[in-house]
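# What the coordinates show
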Amino acid sequence: MCQPPNSKQNARFTCSEHKVTILLPTAASPIGVRKFTWAEIQKSAPNKIDLATAAAQPCYVAIHGKVYDLGGEFVSWHPGGAVALSQIGNDASAAFDVFHLAATHETLANFYVGDLLETEVKKPSAWAQDIAELRDLMDKTGMYKSDKLWYLGKVASTGSLALLSIGILYLWGHTLLGVLTAATVMAFFFQQSGWLAHDFAHHQVFSNRLHNTYAAYIIGNLWQGFSVAWWKHKHSTHHSVPNVHEADPDIDTLPFLAWSEYALEGFADLSDGALAKFMVAYQPIIYFPLLSFARLTWAIQSVLWNLPNSTKLARFPTLNRIEQVAILGHYTWYLGAAFTLTPNPLYALIFLLSSQCICGFLLAAVFSVNHNGMPVYTPEQSKNMDYYELSIVTGRNVEPTMFNNWFTGGLNFQIEHHMFPTIPRHNLPRVQALVESLCKKHNVPYHTTSLMQGLAEVVGRLASVAGKARKISKQ
Ligand code: HEM
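Residues numbered from 1 in each chain as written. Predicted model: local features only at pLDDT ≥ 70, side-chain atom pairs only at ≥ 80, totals over all residues. Heavy atoms only, no water.

## Brief notes about the site of the ligand
- Around the ligand there are 25 residues in total, and His-78, His-100, Thr-104, Arg-209 and Lys-232 lie nearest to it.
- One of the side-chain nitrogen or oxygen atoms of His-100 is found 2.7 Å away from a nitrogen atom of the ligand.
- The separation between an oxygen atom of the ligand and a polar side-chain atom of Arg-209 is 2.4 Å.
- Among the secondary structure elements, those contributing two or more residues to the shell around the ligand are α3 (74–77), α4 (93–99) and α9 (228–240).
- For the shell around the ligand, the residue count by class is 14 nonpolar, nine polar and two charged.
- Each of domain 1 (12–122) and domain 2 (124–475) contributes no fewer than three residues to the shell around the ligand. (Near = heavy atom within 4 Å. Polar contact = N/O pair within 3.5 Å; in protein donor to acceptor, adjacent residues only side chain to side chain. Helix = DSSP H or I, 4+ residues; strand = E, 2+ residues; numbered from the N terminus. Nonpolar A, V, L, I, M, F, W, Y, C, P; charged D, E, K, R; others polar. Domains from an automatic or database assignment.)

Right, dumping it as structure tokens:
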């Protein structure tokens, strides 16, 4: 665990989970520290920054009035990986608070390079004060604590879907109807496992991060077939900069779909322009069939991320090995069931393809409703927005019903989940009313729809961007 001991006597701390050694702070703030202006901090990240650039230059963020350099060795050390780069040039206080344990503050000292100039320190707004009070209240009323029995029930009910699917294959795998029914149940198993792995990977369940990580490997890798490391990289970046053009990987869907007019900039001279022009022009029609391929592409990316020669593997060899074995285990049971419980390879392939495609649809439709069709911002616009406000205005909640809560894995409380990703799923309904009333008080748009209306809004946005794309293509 990357939790250094509290004692300042220990100058070094080695994290057993991430195999990194951290230098602990040994002195109070030095006298004569460098003072930074916002212009200097922002200048360190003029454009989108990649790993090589970050390693070669200073990359500043401000966290609670102090300035840290995330350039050089930082990313190769950082247990959260390159997601931190999404905050360079910004006030990363809120992003830091939502992703880290209180003890992680101790490790900040290793990257401390100075303070914000006193005149540059902004007085906390009424909104920021209310958010801080809300976080405090949530802490005091135990909202960060999970109900282990609730999660045990979820693990058991999700796992029994896999057993049910295999049972159907065993009994009726010789009929096409039996194969398709088993594939549908398996697709729901994969979808529900996805939500569970998501909870563990966000550290919602155990206070010990290593326990969450191992549970995520069992449910995410072994059950569901996705790589936890690949997912964390993509998903944490999305959390850090939701619906920010060129920064959020979840809206980087060209040449297939475009979610905003910004995505159409340079559309006419895209390298895969012909494909993009066709797909985007017809995106409202292509959208639903396309969702079905989402799971297949994520499964392929998970395998690629974990191939023995992958450049992504260098950092945490032990964790990489666990992932590789677990993903191999996934394909052993999944392919094994398909090929041994059906009478011929054709039926096995029908089972495999249908379970992949149905699950792709079930997962991607929920992801899509969470944010697509909500406002998209440029990196410059997002820099002037409060972290929590960005999470709220880019998120769409779906009405809480028993079905919606189950089907979306609690992600129908998308706004609250984005603001507080470590809150256990079962506590999100308690947070919801508090957040909504805060938004009302501060006139921050808070959007809730039904599942169907959410999907209609998504298709509506696709249609409007498609219209603009057609005009550009004609010019
Ligand atoms: C100087 C600045 C930073 C330091 C010293 C730091 C340090 C750490 C440490 C020690 C951990 C592992 C323990 C824990 O999860 O609390 C961690 C995890 C993480 N960090 Fe940072 N961090 C910094 C900045 C950032 C920023 C700016 C972001 C996001 C925008 C970020 C995102 C994350 C994420 C998502 C994880 C969790 C990885 C997981 O789920 O296992 N960090 N960081």
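## Regarding the packing of helix α6 (residues 148–172) against helix α7 (residues 176–201)
- Interhelical geometry of α6 versus α7 gives an angle of 160° and a closest axis separation of 8 Å. With respect to α7, the element α6 is oriented roughly antiparallel. Taken as a pair, α6 and α7 cross one another with a handedness that is left-handed.
- Residue composition of the contact of α6 with α7, grouped by class: 17 nonpolar, seven polar and two charged. (Axes fitted to C-alpha atoms, helices over the stretch in contact; angles between N-to-C directions. Parallel < 35°, antiparallel > 145°, perpendicular 65-115°, else oblique. Left-handed = near helix turned anticlockwise from the far one by under 90°.)

## Describing a negative patch on the surface
- Together, Glu-246, Asp-252, Glu-261, Glu-265 and Glu-380 line one region of the surface with negative charge.
- With respect to the helices and strands, the residue Glu-261 is situated in the loop between α9 and α10 (273–281).
- By relative accessible area, which is 42% here, Glu-261 ends up partly exposed. (Patch = residues over 30% accessible without salt bridge, like charges linked within 9 Å, V, L, I, M, F, W, Y side chains within 5 Å. Areas by Shrake-Rupley, 256 points an atom, 1.4 Å probe, with all protein chains shown as cover. Salt bridge = Lys/Arg side-chain N within 4 Å of Asp/Glu carboxyl O. Lys, Arg positive; Asp, Glu negative; His and termini not counted. Charge placed at Lys NZ, Arg CZ, Asp CG, Glu CD. Buried < 20%, exposed > 50% of the residue type's maximum accessible area, 1.4 Å probe, protein only.)

## Comments concerning the packing of aromatic side chains
- Within this structure, the stated rule accounts for 29 aromatic pairs.
- Aromatic pair Trp-77 and Phe-111: ring centres 4.9 Å apart, planes at 40°, arrangement tilted. Of the two residues, Trp-77 sits in helix α3 while Phe-111 sits in the loop between α4 and β6 (112–116), which places them 34 residues apart along the sequence. The same class applies to Trp-77 and to Phe-111, which are both buried.
- Grouped by ring-pair contacts, the aromatic residues Phe-189, Phe-190, Trp-223, Trp-333, Tyr-334 and Phe-351 constitute a single cluster.
- One cation-aromatic arrangement involves Arg-295 over Phe-190; the distance from NZ or CZ to the ring centre is 4.0 Å. (Phe/Tyr/Trp six-rings, centres within 6.5 Å; stacked < 30°, edge-to-face > 60°. Lys NZ or Arg CZ within 6 Å of the ring centre and 35° of its normal.)

## Some remarks on the pattern of salt bridges
- Tallying each qualifying case throughout the model produces eight salt bridges.
- For the salt bridge of Glu-457 with Arg-396, the shortest nitrogen-to-oxygen distance reads 2.8 Å. Of this pair, Glu-457 sits in helix α20 (residues 451–474) while Arg-396 is found in the loop between α16 (387–393) and β7 (397–398), placing the two residues 61 residues apart along the sequence.
- The class for Arg-396 is buried, based on a relative accessible area of 0%.

## A short note on the confidence of the model for the protein
- Residue-level pLDDT values for the protein average 89, and 91% of them are 70 or greater.
- Here residues 1–29 scores under 50 on pLDDT; set against residues more than four positions off or in separate chains, the count is 67 contacts. (pLDDT = per-residue confidence, 0-100. Contact = heavy atoms within 4.5 Å.)

## Comments concerning the environment of Ala-229
- Tracing the sequence through the fold places Ala-229 in helix α9.
- Apart from the residues lying within four places of it in its own chain, the contact partners of Ala-229 are Trp-305 and Glu-323.

## Remarks on the layout of surface pockets
- As a volume, the second largest pocket reaches approximately 1,100 Å³.
- Surrounding the second largest pocket, 48 residues form its lining, Lys-234, Asp-250, Thr-253, Ala-294 and Trp-298 being those nearest its centre.
- Residue assignment for the lining of the second largest pocket shows that the elements contributing at least two residues are α7, α8 (209–223), α9, α11 (283–291), α12 (294–305), α14 (345–371) and α18 (414–419).
- The biggest single contributor to the lining of the second largest pocket is α9, with eight residues.
- Residue composition of the lining of the second largest pocket, grouped by class: 24 nonpolar, 21 polar and three charged. (1 Å grid on protein atoms, 1.4 Å probe; cavity = no way out; pocket = protein on both sides within 12 Å on 5 of 7 lines; lining within 4 Å. Points joined across faces, edges and corners; volume = space filled by probe spheres on them.)

## What to know about the coordination of the iron atom of the ligand
- Only His-78 (NE2) and His-100 (NE2) from the protein coordinate the iron atom of the ligand, and they sit 2.0 Å from it.
- In this structure, the iron atom of the ligand is coordinated by six donor atoms arranged in octahedral fashion, with angles at the metal of 85 to 179°. Of the two residues, His-78 is situated in the loop between α3 and α4 and His-100 in the loop between α4 and β6; the sequence distance between them amounts to 22 residues.
- The class for His-78 is buried, based on a relative accessible area of 9%. (Donors = N, O, S within 2.8 Å, 3.2 Å for Na, K, Ca; no water. Tetrahedral: all angles 85-135°; square planar, octahedral: opposite > 155°, others 65-115°.)

## Examining α12
- With twelve residues, α12 should cover 16 Å at 1.5 Å per step; its first-to-last C-alpha distance of 16 Å lies within 8% of that length.
- Those residues of α12 lying buried are Ala-294, Arg-295, Trp-298, Ala-299, Ser-302 and Trp-305. The buried residues of α12 occupy an angular sector of 130° when the element is viewed end-on, so they sit on one face.
- Buried-residue contacts for α12 involve α7, α9, α11, α13 (317–340) and α14. (Expected span 1.5 Å × (residues − 1). Arc of directions from axis to C-beta.)

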